[in-house]
Amino acid sequence: DAGITQSPRHKVTETGTPVTLRCHQTENHRYMYWYRQDPGHGLRLIHYSYGVKDTDKGEVSDGYSVSRSKTEDFLLTLESATSSQTSVYFCAISDERGEAFFGQGTRLTVV
Amino acid sequence: AQTVTQSQPEMSVQEAETVTLSCTYDTSESDYYLFWYKQPPSRQMILVIRQEAYKQQNATENRFSVNFQKAAKSFSLKISDSQLGDAAMYFCAYRIGNEKLTFGTGTRLTIIP
């Protein structure tokens, strides 16, 4: 199994508070991704990274920011959480063959 | 924009029977990858099978096989001898090189004992 871990696994937070989710990999893969999963929408890309300090927006990036200061860590920040950001968040990494490996997911509830 | 369409929100199959899940995609690229992922109730995303677009031969992994029709932009998943452990959400996904994976909305598969 690919070495990828997400933290926390579950979080409940209040509207308006900042939240940071962490993705950590031990595979030294160049590419890292943050997705959110909602019923009826599949997985939608929030942000992705193609190297240290190299990031780009996905299709649902509004309200989210990311940072990647080293190869192994990719952080997703909700600057001011809203109820619409209640979701399950997945981090993924990929190798040069294009295959993606996923973390276990983080269930975030914004109340 | 790249899109992936799974037109069957839910499917069911009798245990030991065969079921086919449909997936179509839209792209102007000629070189890309296609994947099927399985998501059981544990929520873990598990790669089931992958197909490189330049390969004409359909990929096979044990009881799982695909029917890849490049001209029709179709990528269906066939599960043979269905087992209770196959019950899950199945997602079709598409990717160019190392760019983002684009997912379909998923098909929930139920196995009837």
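Since this is a predicted model, take the numbers as computed values, not measurements. (Residues numbered from 1 in each chain as written. Chains lettered and ligands numbered in written order. Predicted model: local features only at pLDDT ≥ 70, side-chain atom pairs only at ≥ 80, totals over all residues. Heavy atoms only, no water.)

## Quick notes on the layout of surface pockets
Keep this limit in mind: Residues are called lining when one of their atoms sits within 4 Å of a cavity or pocket point, these points coming from a 1 Å grid over the protein atoms alone, where a cavity is a set in which a 1.4 Å probe fits but cannot get out and a pocket is an open set with protein on both sides within 12 Å along at least five of seven lines. Grid points are joined across faces, edges and corners, and a volume is the space filled by probe spheres set on the points. Secondary structure elements follow DSSP: runs of H or I no shorter than four residues count as helices, runs of E no shorter than two count as strands, and numbering proceeds from the N terminus. In this classification, Asp, Glu, Lys and Arg are treated as charged, Ala, Val, Leu, Ile, Met, Phe, Trp, Tyr, Cys and Pro as nonpolar, and every other residue, Gly included, as polar.
Computed from the structure, the largest pocket encloses a volume of approximately 440 Å³. Only strand 4 (31-38), strand 9 (87-94) and strand 11 (106-110) of chain A together with strand 10 (88-95) and strand 12 (107-112) of chain B provide two or more residues apiece to the lining of the largest pocket. Residues of the lining of the largest pocket, tallied by class, amount to ten nonpolar, eight polar and four charged.

## Observations regarding the pattern of salt bridges
Side-chain pairs of opposite charge can arise where the charged atoms are in close proximity. Operational definition: Salt bridges are counted wherever a side-chain nitrogen of Lys or Arg sits within 4 Å of a carboxyl oxygen of Asp or Glu. For every residue, the accessible area (1.4 Å probe, protein chains only) is compared with the maximum for its type, and the residue is labelled buried under 20%, exposed over 50%, or partly exposed between those bounds.
Following the criterion strictly, the structure yields nine salt bridges over all chains and no others. A salt bridge links R50 of chain B to E99 of chain A; its shortest N-O distance comes to 3.9 Å. One end of the pair, R50 of chain B, is in strand 6 (residues 46-52); the other, E99 of chain A, is in the loop between strand 9 and strand 10 (100-102), on a second chain. Comparing R50 of chain B with E99 of chain A, the two get one shared label, buried. A salt bridge links E52 of chain B to R50 of chain B; the shortest N-O distance between them is 3.1 Å. Here E52 of chain B falls in the buried class, since its relative accessible area comes to 12%. A single network of salt bridges, built from pairs that share partners, joins E99 of chain A together with R50, E52 and K55 of chain B.

## So, the state of the cysteines
In plain terms, the rule: Cysteine sulfur atoms that pair up within 2.5 Å are treated as a disulfide.
If you walk through the whole model with that rule in mind, you get two disulfides over all chains. One disulfide in the model links C23 of chain A with C91 of chain A; its S-S distance is 1.9 Å. The sign of the S-S torsion, about -75 degrees, decides the handedness of the disulfide formed by C23 of chain A and C91 of chain A: left-handed. In this pair, C23 of chain A is assigned in strand 3 (residues 19-25) and C91 of chain A in strand 9, connecting sequence segments 68 residues apart. When its relative accessible area of 0% is taken as the criterion, C23 of chain A is described as buried. When its relative accessible area of 0% is taken as the criterion, C91 of chain A is described as buried. A disulfide bridge connects C23 of chain B with C92 of chain B, and the sulfur atoms are separated by 2.0 Å. Handedness here is read from the sign of the S-S torsion; for C23 of chain B and C92 of chain B, about -70 degrees, the answer is left-handed. With C23 of chain B in the loop between strand 3 (19-21) and strand 4 (24-26) and C92 of chain B in strand 10, the pair connects residues that are 69 residues apart, well separated along the chain. Both residues of the pair, C23 of chain B and C92 of chain B, count as buried.

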